[in-house]
Amino acid sequence: MNGLLYPFQQSVRRDLLLAARHKTEIITALFFFVIVVNLLPLGIGPDPDLLRKIAPGALWIGALLATLLGLQRLFAPDHADGTLEQMALSPQSFTLLVAGKILAHWLVAGLPVVLIAPVLGLQFDLSGRGLLILTVSLLLGTPILSLIGAVGAALTLGVRGSGALLSLLILPLYIPALIFGAGAVEADLAGLGPEGHLSLLAALLVVSTFFAPWVTTVALRVALE
Amino acid sequence: MNHSLVNWFKFASPASFYPLVGRLIPFFATAAAILTIAGLWVGLAVAPTDAQQGEGYRIIFVHVPASWMSMFIYCVMAFWAALGLAFNTRLSGMMASALAPTGALFAFLSLWTGALWGKPMWGAWWVWDARLTSQLILFFLYLGFIALQAAIDDPRRADKAGAILALVGVINVPIIYFSVQWWNTLHQGASVSITKAPSMAHTMLLGMLLMALAFWAYTIAVALMRVRCIILERELTSEWVKKNAME
Amino acid sequence: MQWNSFNDFLAMGGYAFYVWGSIGACVLGMGIEVWMLKLRRRAILARLLRKELTQ
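Every value quoted in this text rests on a predicted model; they were computed, and no experiment measured them.

Undergrad: Mind showing me how you'd approach unusual backbone geometry here?
TA: In most cases, non-glycine residues show a negative phi, while peptide bonds are predominantly trans. Residue Asp125(A) is not a glycine yet carries a positive backbone phi of 65 degrees. Assignment of secondary structure puts Asp125(A) in the loop between helix H6 (94-123) and helix H7 (128-155). Phi is positive for Asn88(B), which is not a glycine, with a value near 60 degrees. Along the chain, Asn88(B) turns up in the loop between helix H3 (60-87) and helix H4 (90-122).

Here it is in structure tokens:
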């Protein structure tokens, strides 16, 4: 058990250690999320009914953008100093190492967003139940964002203008997660119950957990050739 | 059997593909021109006026074929991409990148004609209908593919990265379509229905079929023209180009 | 034949702007695509010719 997943654990631990040394980046991404979400009421107006309606969408779009921010640095530093090449050549499974990096990215970029989301939801006057559903949807959804985003980060690795290009490639692929995630709260408000949306979101998570690390590995090998 | 296999692989090399394609282009271009004239004649002059939409429905003769082609081209692109990844043939990647701009053009035309159809029929240039929204996302997917290939200098890497993106995209298209439809039913119910097509006269169907075939022939002709350009650009230094391309 | 006169045909029962706007956009888009491909091919051939001449 320990032997099989060892590269995965090592990869997660290494990336978390590296992230701990650059705490400002994590905090910057988190504050970016907070500020984007807080700008919306300023742009739209303080009407509580309206805010309650846009809250799930606002928080979800904030989460998408915050995830994108960290994605550019998912593989780039390791590519620059040659670590990524060593990983690809090492006898350990490259896919597991990449999967570890993706999990670490979610722990650093996704999880803080999930944890702070209920506080922001309060600003939008969401009910307790709405807050709970929103947080669960983000908990299920933000890993999908990291997983799909990793494919885009691998494809654009070392390419000119990779930041803007990454958004162009990835944001359309985020649409199903956005729809099911933000829709869960609205479906509950409409009396339909959030279960349908949340189970579809969970299904998306399972599928992308299986395929995304593998596709990312293929894309990274192309980039390293 | 063996002989035909050898022939097939012979045409998979750019040097023998190039002249073969050169002979095919005029054929498909002529077919596209004739079919367009026939299709527009049937669609604009022969087909009867629609009972509900008057003459405005005649946009269907360019709108529907353009939408079909934009979706079909994406699938063909993904097919070439998969072939290129599986067998590592150079030509497959070139075919995929030759198809992308035409697919993007058809996706754009489908949106443009859709807006022009929507304004008189629904009173709005744009409605967040499931089909329109999916088509818009398909357009973005095309743009992403083209931008990714344009940003990578090494053509071999551009081909492979594009192929991976096209395959990820083609798996996602049904998911996106399903999710958008789901979203649509939650938000506005069946306020706009374009799923229920008006019962169509035979001449209407014929016109649409002719236009679809015309767009098909056009796509083949243009994609082959573009693949010839791509082959030349990549093989500018090779011996056969100097001999053959100037004719 | 659906039309009594050529002007009727152009008017498209009051939908002229929409119908001709759609068809015009298609013709324009495809025309530009073919034209750009012709230009691209000409540029490549010119480059080839220059190289031939310098050698």
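Still to come is the rest of the account.
Undergrad: What's the story with the packing of H4(B) against helix H5 (residues 130-151) of chain B in this structure? I'm lost.
TA: A pair of packed helices is characterised by two quantities: the angle between their axes and the separation of those axes. Residues and elements named next belong to chain B. Relative orientation of the contacting elements H4 and H5 amounts to 150 degrees, with a least axis distance of 9 Å. When the interaxial angle is binned, H4 and H5 end up roughly antiparallel. Considering only the axes of H4 and H5, their crossing is left-handed. From H4, Ser97, Ala100, Pro101, Gly103, Ala104, Ala107, Phe108, Ser110, Leu111 and Gly114 reach across to H5, where they touch Leu132, Gln135, Leu136, Leu138, Phe139, Tyr142, Leu143, Phe145, Ile146 and Gln149. Here the contact of H4 with H5 is composed, by residue class, of 14 nonpolar, 6 polar and no charged.

Undergrad: Explain the interface of chain B and chain A to me, please; I cannot follow it from the model alone.
TA: When the parts of a complex come together, some accessible area is lost, and that lost area is often used as the size of the interface. The interface is formed by 23 residues belonging to chain B together with 22 residues belonging to chain A. Of all elements in the fold, only H5 and helix H6 (155-188) of chain B reach the threshold of two or more residues within the side of chain B that touches chain A. Per element, the largest residue contribution to the side of chain B that touches chain A is 14 residues, and it comes from H6(B). When its residues are assigned to classes, the side of chain B that touches chain A shows 18 nonpolar, 3 polar and 2 charged.

Undergrad: Any chance you could explain helix H8 (residues 162-170) of chain A here in plain terms?
TA: For an α-helix, the turn length of 3.6 residues means that residues three or four places apart are oriented alike. Of all 9 residues in H8(A), 7 are buried; the element is thus mostly enclosed. Residues of H8(A) that are buried: Ser162(A), Leu165(A), Leu166(A), Ser167(A), Leu168(A), Leu169(A) and Ile170(A).

Reading guide: rules and limits
Residues numbered from 1 in each chain as written. Chains lettered and ligands numbered in written order. Predicted model: local features only at pLDDT ≥ 70, side-chain atom pairs only at ≥ 80, totals over all residues. Helix = DSSP H or I, 4+ residues; strand = E, 2+ residues; numbered from the N terminus. Axes fitted to C-alpha atoms, helices over the stretch in contact; angles between N-to-C directions. Parallel < 35°, antiparallel > 145°, perpendicular 65-115°, else oblique. Left-handed = near helix turned anticlockwise from the far one by under 90°. Contact = placed C-beta atoms within 7 Å. Nonpolar A, V, L, I, M, F, W, Y, C, P; charged D, E, K, R; others polar. Buried ≥ 20, exposed ≤ 12 C-beta atoms within 10 Å, placed from the backbone.

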